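Residue-level structure breakdown
Each chain, letter by letter, is given below.
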Amino acid sequence: MRAQLFGISGDQALFRRRGFKSARAKSQHVLEDIGKTFIDGYNFAVRSADPTLQSARLDSIPVDMHGFFVEGASMGFALFDIVSPWPTRFFQEFIRQAASPHIYMAYVGAGWALARTSLRLSWRLGKTDPLLRWLMFDGLGFHHGYF
């Protein structure tokens, strides 16, 4: 049910779907792979709703894509914390465990979730690092620029 409500189609990462034009096929392919990895991380978080499972999933994707997977998963976990009718700390658990090697990307992913909801709801993510929380604005801005 979570996947039906919150899931994102992998087609959302395709240039033709977004209306982007590319003069270089190789660059387009790399950027689409990054977008698909982000969406895969997000959808994995939405389906599992368990931040501890992410470590095992990371082992199955290329190392150079780990950060993008974490960014997407972080968006999913942050979204759950933001929209849940009861207090949850999926984002906090995720950044303490699986996301710690990619902590910057995790905070950027939380910004994507705030862009889809409201910046005023950032308190629902729990105590955030005073320096790293500014990366959420990066994610929020990137979301607005991309969409």
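Attention here is on the structure that accompanies the text. (Residues numbered from 1 in each chain as written. Predicted model: local features only at pLDDT ≥ 70, side-chain atom pairs only at ≥ 80, totals over all residues. Heavy atoms only, no water.)

1. Things to note about the overall build of the protein chain
For the protein chain, the count of helices and strands is eight helices and zero strands. Order of helices (α) and strands (β) in the protein chain, N terminus to C terminus: α-α-α-α-α-α-α-α. Its C-alpha radius of gyration of 15 Å places the protein chain within 12% of the 15 Å reference for a compact globule of 147 residues. Viewed in the frame of its principal axes, the protein chain has a C-alpha envelope of about 45 × 35 × 30 Å. Burial analysis of the protein chain (147 residues in total) assigns 44% to the buried set. Long-range contacts, defined as pairs at least 24 residues apart, comprise 71% of the intrachain contacts of the protein chain with a sequence gap of at least 6. (Helix = DSSP H or I, 4+ residues; strand = E, 2+ residues; numbered from the N terminus. Rg over C-alpha atoms; globule rule 2.2 N^0.38 Å. Buried < 20%, exposed > 50% of the residue type's maximum accessible area, 1.4 Å probe, protein only. Contact = heavy atoms within 4.5 Å.)

2. Let's talk about the environment of Arg 124
Here Arg 124 shows up in the loop between α7 (103–116) and α8 (135–146). Between the C-alpha atom of Arg 124 and that of Ser 84, which follows or precedes it by 40 residues, the distance is 9.1 Å. In this view, Arg 124 contacts Asp 81, Ile 82, Ser 84, Pro 85, Trp 86, Pro 87, Thr 88 and Arg 89; residues no more than four positions away in its chain are not counted. In this structure the side chain of Arg 124 is engaged in a polar contact, spanning 2.7 Å, whose partner is the backbone oxygen of Ser 84. (Polar contact = N/O pair within 3.5 Å; in protein donor to acceptor, adjacent residues only side chain to side chain.)

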